[in-house]
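Inside the fold
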Amino acid sequence: MKYRHLLISLLLAVAAAHSRADIIATFDKTIRMIVVAAEKTGASYSLAPASTGNPHPSGRFSWIAKERNFLEYYYGIDVPACPQIDPKGKIVLRVRTDTPEAIWALGVRLKTPQGEIFHFDISPALVGGQWEEVVIDVAQGKSKANWGGPKGGQLEGPLLLTGLSILANPSSSSGEIRIEHVAWEDAAQAPAKTK
């Protein structure tokens, strides 16, 4: 009986070790973000220092509505996201905003080895004023758009995280969101706890 309890404890420990999402991108002074059409959107990116309840620096994305409400931010260097050849999983963003009404959708751009980029997004129900997790399902047939490369439309890994996007509410004059990190969670894993 004692060995049975020990075996169950070991199995639970192994399951717990594999249930966390893997953090693939954090925001620190080495991250370079390129803001597309910044002059038209009043969009910017800056580093937000660590604060109470957030021990890590975070990326602060802000905008003032002008001509466009679709904002694009690209990494200066693509970030490895998922090593699997047949990627099935989720991107988990740890975010905080004081303007949840200004955000209609959050998206990620993932690049295949052939150079094709897939855009995935979600309209999150953000509460605001606290750190929250936004989960974006990544699987074949779930992308909103794809372009570049051979345009075969096949989501094949290993995947690179190449950019982030924000669909802003056009009736809001401005908005901001902080992202502490971006994580990848395999489909076989339990729900992420990345705090």
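Structural data are supplied above this passage.
These notes cover the structure that comes with them. Nothing here was measured: the structure is a model prediction, and the numbers come from that model.

As a further point, take unusual backbone geometry. Of note, the bond from Gly157 into Pro158 is cis; its omega dihedral lies within 30 degrees of zero at 0 degrees. Note that Pro158 resides in the loop between strand 10 (145-147) and strand 11 (159-168).

With that settled, consider the pairing of strand 9 (residues 132-138). Side chains Glu132, Val134, Ile136 and Val138 of strand 9 all project onto a buried face; the interleaved residues Glu133, Val135 and Asp137 project onto a face where none is buried. Note that strand 6 (residues 89-96) and strand 9 share 7 bridges and pair antiparallel. Paired with Gly89 across the bridge in strand 9 is Val138.

Attention now moves to the environment of Ser172. Residue position: Ser172 is located in the loop between strand 11 and strand 12 (174-186). Considered as a pair, Ser172 and Ile64 are 108 residues apart in the sequence and their alpha carbons are 8.6 Å apart.

The next subject is the packing of aromatic side chains. Across all of its chains, the model carries 4 aromatic pairs by this definition. Between Phe27 and Tyr45 the ring centres are 6.4 Å apart and the planes differ by 50 degrees, which places this aromatic pair in the tilted class. With Phe27 in the loop between strand 1 (22-26) and strand 2 (33-36) and Tyr45 in strand 3 (residues 44-48), this pair connects stretches of sequence that are 18 residues apart. Here Phe27 falls in the buried class, since its relative accessible area comes to 1%.

Moving on, we come to the sheet that holds strand 11. Sheet architecture is open: 6 strands sit in the order 2-5-11-7-8-10, paired in antiparallel fashion. Only two strands of the sheet have a single neighbouring strand rather than two, namely strand 2 and strand 10. Sheet twist, expressed as the average angle between the axes of neighbouring strands with direction ignored, equals 25 degrees. Taken together, the 3 bridges between strand 8 (residues 117-122) and strand 10 define a ladder with antiparallel strand orientation. Looking across to strand 10, one finds that His119 is bridged to Ala145.

Right, let's get into the pattern of salt bridges. For the coordinates displayed, the defined rule picks out 6 salt bridges. A salt bridge links Arg109 to Glu72, with the nearest nitrogen and oxygen atoms 3.0 Å apart. Taken as a pair, Arg109 in strand 7 (residues 103-111) and Glu72 in strand 5 (residues 70-82) lie far apart in primary sequence, 37 residues in all. The exposure classification of Arg109 matches that of Glu72, with both residues buried. Between Lys144 and Asp121 there is a salt bridge, with the nearest N and O atoms lying 2.7 Å from each other. Note that Lys144 is positioned in the loop between strand 9 and strand 10 and Asp121 in strand 8, a separation of 23 residues in sequence. The exposure class of Asp121 is partly exposed, given its relative accessible area of 23%.

So, about the nonpolar core. Core analysis: the largest hydrophobic core is formed by 37 residues, its most contacted members being Phe61, Trp63, Tyr75, Ile91, Leu93, Leu161 and Val182. Looking at which element gives the most residues to this core, the answer is strand 5, with 6 residues.

Parameters at a glance
- Residues numbered from 1 in each chain as written.
- Predicted model: local features only at pLDDT ≥ 70, side-chain atom pairs only at ≥ 80, totals over all residues.
- Heavy atoms only, no water.
- Helix = DSSP H or I, 4+ residues; strand = E, 2+ residues; numbered from the N terminus.
- Buried < 20%, exposed > 50% of the residue type's maximum accessible area, 1.4 Å probe, protein only.
- Pairing = 2+ DSSP bridges.
- Phe/Tyr/Trp six-rings, centres within 6.5 Å; stacked < 30°, edge-to-face > 60°.
- Axes fitted to C-alpha atoms, helices over the stretch in contact; angles between N-to-C directions.
- Salt bridge = Lys/Arg side-chain N within 4 Å of Asp/Glu carboxyl O.
- Core = buried A, V, L, I, M, F, W, Y, C linked by side-chain atoms within 4.5 Å.

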